[in-house]
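Here is what each chain is made of, one letter per residue.
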Amino acid sequence: AYMGFIPVLLHLRTILRNMRQCQEDIVAWQPDVVILVDYPGFNLKIAEYIKKNTQIPVYYYISPKIWAWKEYRIKNIKRDVDELFSILPFEIDFFAGYRYPIHYVGNPCVDAVDEYCKGNVETFGAFAAENGLNDKPVIALLAGSRKQEIKDNLPAMIEVAERFEDYQMVLAGAPSIEDSYYEKFLKGTPVKMVRNKTYPLLSHSTAALVTSGTATLETALFEVPQVVCYETPLPHLVRLAFKHVMSCKYISLVNLIADKEVVQEMFADRFQVDAIADQLYRIL
């Protein structure tokens, strides 16, 4: 997963090779249906190819967020996608405005968190003992699941959390990221890391610093107050684009679903250690 203009350009050969492999494999296999999941930059190209070259129906789960930007993609979606399945309730009305009915199937995070909470009986003491933590209240750090996100956001998150000495900082390690990568950021800091325990961590957290993405919604479903963090290159230019080019008011799923600012979004020019620390202080 390559994010941003430059990383995509640098890895364009890899992306195009993978796309060609997927297209050839689908045509050779001739499945009854193709189900595309998220990732519109890649999957809409797959959908276009399948429609042009086969009779295979194309379903799309987690609809492309064209309400945020590149709204013109609705033309390609209507042409290439037979059925669209959304996990965000407000998308129904948006696509209805283009006379393209879609299915709202609910968000899998809701079921996952609900199921965890029903079966979880672990005490904070047991969680702390199991993971080498002390008895201080926890500030959870959720820095994303991609190396680029972690590199951009985790150092500032750690710097912010270190200011709160009455709390302990615990990082949720992403399954796909090796320990050695995290070690570059965690060495010499008081931050502890837990792996494959994001839900237990959130269930015992007082507050959280969260990189924008699905984790913001999961944190909210656990009723943990959070500050959303997202570092961008050229922050002032990004802010300008967000105000005048983007079609949406927010970047976090929490605020998008609520259609109001429930959580503070510290991104672009607002992504500054002092500003993030101030928002965390207000929460605590």
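Just so you know, these numbers come straight off a predicted model, no measurement behind them.

## Focus: the sheet that holds strand E2 (residues 58-61)
A sheet is described by the order of its strands in space; here 4 strands give the open sequence E1-E2-E3-E4, paired in parallel fashion. Strand pairing shows two members of the sheet lacking a second neighbour, strand E1 (34-37) and strand E4 (103-104), which therefore form its edges. Note: E1 against E2, 4 bridges, orientation parallel. Within the sheet, the bridge partner assigned to Val 34 lies in E2 and is Val 58. Packing against the sheet, helix H3 (residues 40-53) makes contact with E1 and E2, and its axis sits at approximately 165° to E2.

## Quick look at unusual backbone geometry
Positive phi, close to 55°, is recorded for Gln 30, a residue that is not glycine. Within the secondary structure, Gln 30 is located in the loop between helix H2 (12-29) and E1. For Gln 30, a relative accessible area of 46% puts it in the partly exposed group. Positive phi, close to 70°, is recorded for Ile 62, a residue that is not glycine.

## A closer look at the packing of helix H8 (residues 147-161) against helix H14 (residues 273-283)
Contact geometry of H8 with H14 gives a least axis separation of 9 Å together with a crossing angle of 55°. When the axis of H8 is compared with that of H14, the two are oblique. For the crossing formed where H8 meets H14, the hand is right-handed. Contacts from Ala 156, Glu 159 and Val 160 of H8 reach H14 at Val 273, Ile 276, Ala 277 and Leu 280. Here the residues of the contact of H8 with H14 are counted per class, giving 6 nonpolar, no polar and 1 charged.

## What about the layout of surface pockets?
Considered as a void within the structure, the second largest pocket measures approximately 180 Å³ in volume. Around the second largest pocket sit Trp 67, Phe 90, Ser 247, Cys 248, Lys 249, Tyr 250, Leu 256, Ile 257 and Asp 259, which together line it. Residues of the lining of the second largest pocket, tallied by class, amount to 6 nonpolar, 1 polar and 2 charged.

## Quick word on the nonpolar core
Ranked by internal contacts, the top residues of the largest apolar core, which has 37 residues, are Ile 77, Val 81, Leu 84, Phe 95 and Tyr 100. Elements with a minimum of two residues in this core: H2, E1, H3, E2, helix H4 (74-80), helix H5 (91-96) and helix H13 (253-258). In contact with Val 81, not counting residues within four places along its chain, are Ala 47, Val 58, Tyr 60, Asn 76 and Tyr 100. One finds Ile 150, Leu 171, Val 227 and Met 266 within the second-largest nonpolar core, a separate group that totals 30 residues.

## Focus on H8
With 15 residues, H8 ought to run about 21 Å at 1.5 Å a step, and its terminal C-alpha atoms sit 20 Å apart, in line with that. A bend of about 35° at Asn 153 is the largest found in H8, and the proline Pro 155 appears one to four places after it. Those residues of H8 not exposed but buried are Glu 149, Ile 150, Asp 152, Asn 153, Leu 154, Ala 156, Met 157, Ile 158, Val 160 and Ala 161. In this structure, the buried side of H8 is in contact with strand E5 (138-142), strand E6 (168-173), helix H9 (179-186), strand E8 (205-211), strand E9 (226-230) and H14.

Cut-offs and rules
Residues numbered from 1 in each chain as written. Predicted model: local features only at pLDDT ≥ 70, side-chain atom pairs only at ≥ 80, totals over all residues. Heavy atoms only, no water. Pairing = 2+ DSSP bridges. Helix = DSSP H or I, 4+ residues; strand = E, 2+ residues; numbered from the N terminus. Contact = heavy atoms within 4.5 Å. Axes fitted to C-alpha atoms, helices over the stretch in contact; angles between N-to-C directions. Buried < 20%, exposed > 50% of the residue type's maximum accessible area, 1.4 Å probe, protein only. Parallel < 35°, antiparallel > 145°, perpendicular 65-115°, else oblique. Left-handed = near helix turned anticlockwise from the far one by under 90°. Nonpolar A, V, L, I, M, F, W, Y, C, P; charged D, E, K, R; others polar. 1 Å grid on protein atoms, 1.4 Å probe; cavity = no way out; pocket = protein on both sides within 12 Å on 5 of 7 lines; lining within 4 Å. Points joined across faces, edges and corners; volume = space filled by probe spheres on them. Core = buried A, V, L, I, M, F, W, Y, C linked by side-chain atoms within 4.5 Å. Expected span 1.5 Å × (residues − 1). Bend = angle between axes of the 7 residues up to and from the residue.

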